[in-house]
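Observations on the model geometry
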Amino acid sequence: KNQVEQSPQSLIILEGKNCTLQCNYTVSPFSNLRWYKQDTGRGPVSLTIMTFSENTKSNGRYTATLDADTKQSSLHITASQLSDSASYICVVSHRLYNNNDMRFGAGTRLTVKP
Amino acid sequence: NAGVTQTPKFQVLKTGQSMTLQCAQDMNHEYMSWYRQDPGMGLRLIHYSVGAGITDQGEVPNGYNVSRSTTEDFPLRLLSAAPSQTSVYFCASSYSIGDDGYGYTFGSGTRLTVV
C-alpha cells in the first residue's frame, strides 16, 4: 500500500477559480513534506517544502498546509491560470534532508480550462 | 546552464535488447539518482550515487545497472529489457544527498516502451 495517497486523482476547473488538492500519508517517522509540479513531458519541479514544525508555506499563488497530527497536507491554488494545468505530486520523507528517503504520491492531474 | 539532460527522450526496445539511458548534469552536483514513473504510482528510486565511483541500490534496482565514472554522468543500463520495464525514467541531481530540497533538479525524462 502506498504510504502517500493523493486525492482527487484528477480535477478540472475553470480559469480564475481556486482549488485544493489533498495528500494523506502514513510515513512515520515524518520529517518533511514537499509538493512538486510536473508539467506534461517534463520532470517534477519543487513548489514548497515543509518540515514537521511548519504548518503552512506559500509560493506565489500556491499555499501548502500541513497537519502532522492528522498526517494530512493540502495544496491550495488561488486564481488558477491555464499554465497551472499539470500533475501535482506530494512527497513525504522519513528523515530530514535525505533524498533517498522520499515517498512519492501518484499525483493529482489538474486541468484548467478557459 | 542546461541543468539535468536526459537522452533519448523516447525509445522502443524489443524484449531482450539492451540499452543505456544517458543522464548528464552541469551543476557539479555530487548526488545523482534514477527513478521510474508508472501510471497510478509514485516515482520509485532505482539507483543512486553520492559521488564519482560510488553507487547504491534504491527501491527497485532489479534489471538495472549503473556506474558513475565522472561527476557529470550517471548512465542507467538495461541489460535485457522486459515489458515490465516499460515506464518513464527520470534522472535527478543535487549538491548532496542531504540538500534542502529546493536544489533537487529533475531531468525531462525518457519514455521507454519494451515490446
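Below or above, wherever it landed, is the structure these notes cover. Worth saying up front: this structure is predicted, and the values here are computed from it rather than measured. (Residues numbered from 1 in each chain as written. Chains lettered and ligands numbered in written order. Predicted model: local features only at pLDDT ≥ 70, side-chain atom pairs only at ≥ 80, totals over all residues. Heavy atoms only, no water.)

With respect to the environment of Tyr31 of chain B
Relative to the helices and strands, Tyr31 of chain B resides in strand β4 (residues 31-37). Between the C-alpha atoms of Tyr31 of chain B and Tyr95 of chain B, which are 64 residues apart in sequence, the distance is 6.0 Å. With sequence-adjacent residues up to four places away left out, Tyr31 of chain B is seen in contact with Asn99 and Asn100 of chain A together with Tyr48, Ser49, Val50, Ala92, Ser93, Ser94, Tyr95, Ser96, Ile97 and Tyr104 of chain B. (Helix = DSSP H or I, 4+ residues; strand = E, 2+ residues; numbered from the N terminus. Contact = heavy atoms within 4.5 Å.)

Regarding the layout of surface pockets
By volume, the largest pocket amounts to about 640 Å³. Gln38 and Ser87 of chain A together with Gln37, Val88 and Arg111 of chain B are the residues nearest the centre of the largest pocket, which is lined by 29 residues in total. The set of elements that each furnish at least two residues to the lining of the largest pocket consists of β9 (86-93) and β11 (108-113) of chain A together with β9 (87-94) and β11 (110-114) of chain B. Here the element with the most residues in the lining of the largest pocket is β11 of chain B; it accounts for four residues. For the lining of the largest pocket, the residue count by class is eight nonpolar, 15 polar and six charged. Approximately 230 Å³ is the volume attributed to the second largest pocket. For the second largest pocket, the lining is made up of 15 residues, of which Gly43, Pro44 and Val45 of chain A together with Thr105 and Phe106 of chain B are closest to its centre. Of all the secondary structure elements, the ones that give two or more residues to the lining of the second largest pocket are β5 (45-51) of chain A together with β10 (105-106) of chain B. (1 Å grid on protein atoms, 1.4 Å probe; cavity = no way out; pocket = protein on both sides within 12 Å on 5 of 7 lines; lining within 4 Å. Points joined across faces, edges and corners; volume = space filled by probe spheres on them. Nonpolar A, V, L, I, M, F, W, Y, C, P; charged D, E, K, R; others polar.)

A few points about the sheet that holds strand β3 (residues 19-25) of chain A
Backbone-to-backbone hydrogen bonds join strands into a sheet, with any given pair of strands oriented parallel or antiparallel. Residues and elements named next belong to chain A. If you trace the five strands from one edge of the open sheet to the other, you get β1-β3-β8-β7-β6, paired in antiparallel fashion. Pairing within the sheet leaves two strands with one partner each, and these edge strands are β1 (4-7) and β6 (56-59). Strand-to-strand, the axes of this sheet are offset by a mean angle of 15°, without reference to chain direction. (Pairing = 2+ DSSP bridges. Axes fitted to C-alpha atoms, helices over the stretch in contact; angles between N-to-C directions.)

Here we look at the state of the cysteines
All names here are of chain A. Overall, the coordinates contain two disulfides over all chains when judged by the stated rule. The disulfide partner of Cys23 is Cys90, and the S-S distance across this bridge is 2.0 Å. Its S-S torsion of approximately -65° makes the covalent link between Cys23 and Cys90 left-handed. Of this pair, Cys23 sits in strand β3 while Cys90 is found in strand β9, placing the two residues 67 residues apart along the sequence. For the pair shown, Cys23 and Cys90 are each scored as buried. (Disulfide = S-S within 2.5 Å. Buried < 20%, exposed > 50% of the residue type's maximum accessible area, 1.4 Å probe, protein only.)

Looking at the interface of chain B and chain A
In this assembly, 23 residues from chain B lie in contact with 21 residues from chain A. Of the roughly 1700 Å² buried where chain B meets chain A, counting both sides, 51% is carbon and sulfur surface. Inspection of the chain B/chain A interface yields zero salt bridges. Across the contact surface, chain B and chain A share three residue pairs in polar contact (both at pLDDT 80 or more). When contributions to the side of chain B that touches chain A are tallied by element, the ones reaching two or more residues are β4, β5 (44-51) and β9 of chain B. Looking at which element gives the most residues to the side of chain B that touches chain A, the answer is β4 of chain B, with three residues. Of the residues in the side of chain B that touches chain A, the class split is eleven nonpolar, nine polar and three charged. (Buried area = accessible area lost by both parts, 1.4 Å probe. Salt bridge = Lys/Arg side-chain N within 4 Å of Asp/Glu carboxyl O. Polar contact = N/O pair within 3.5 Å; in protein donor to acceptor, adjacent residues only side chain to side chain.)

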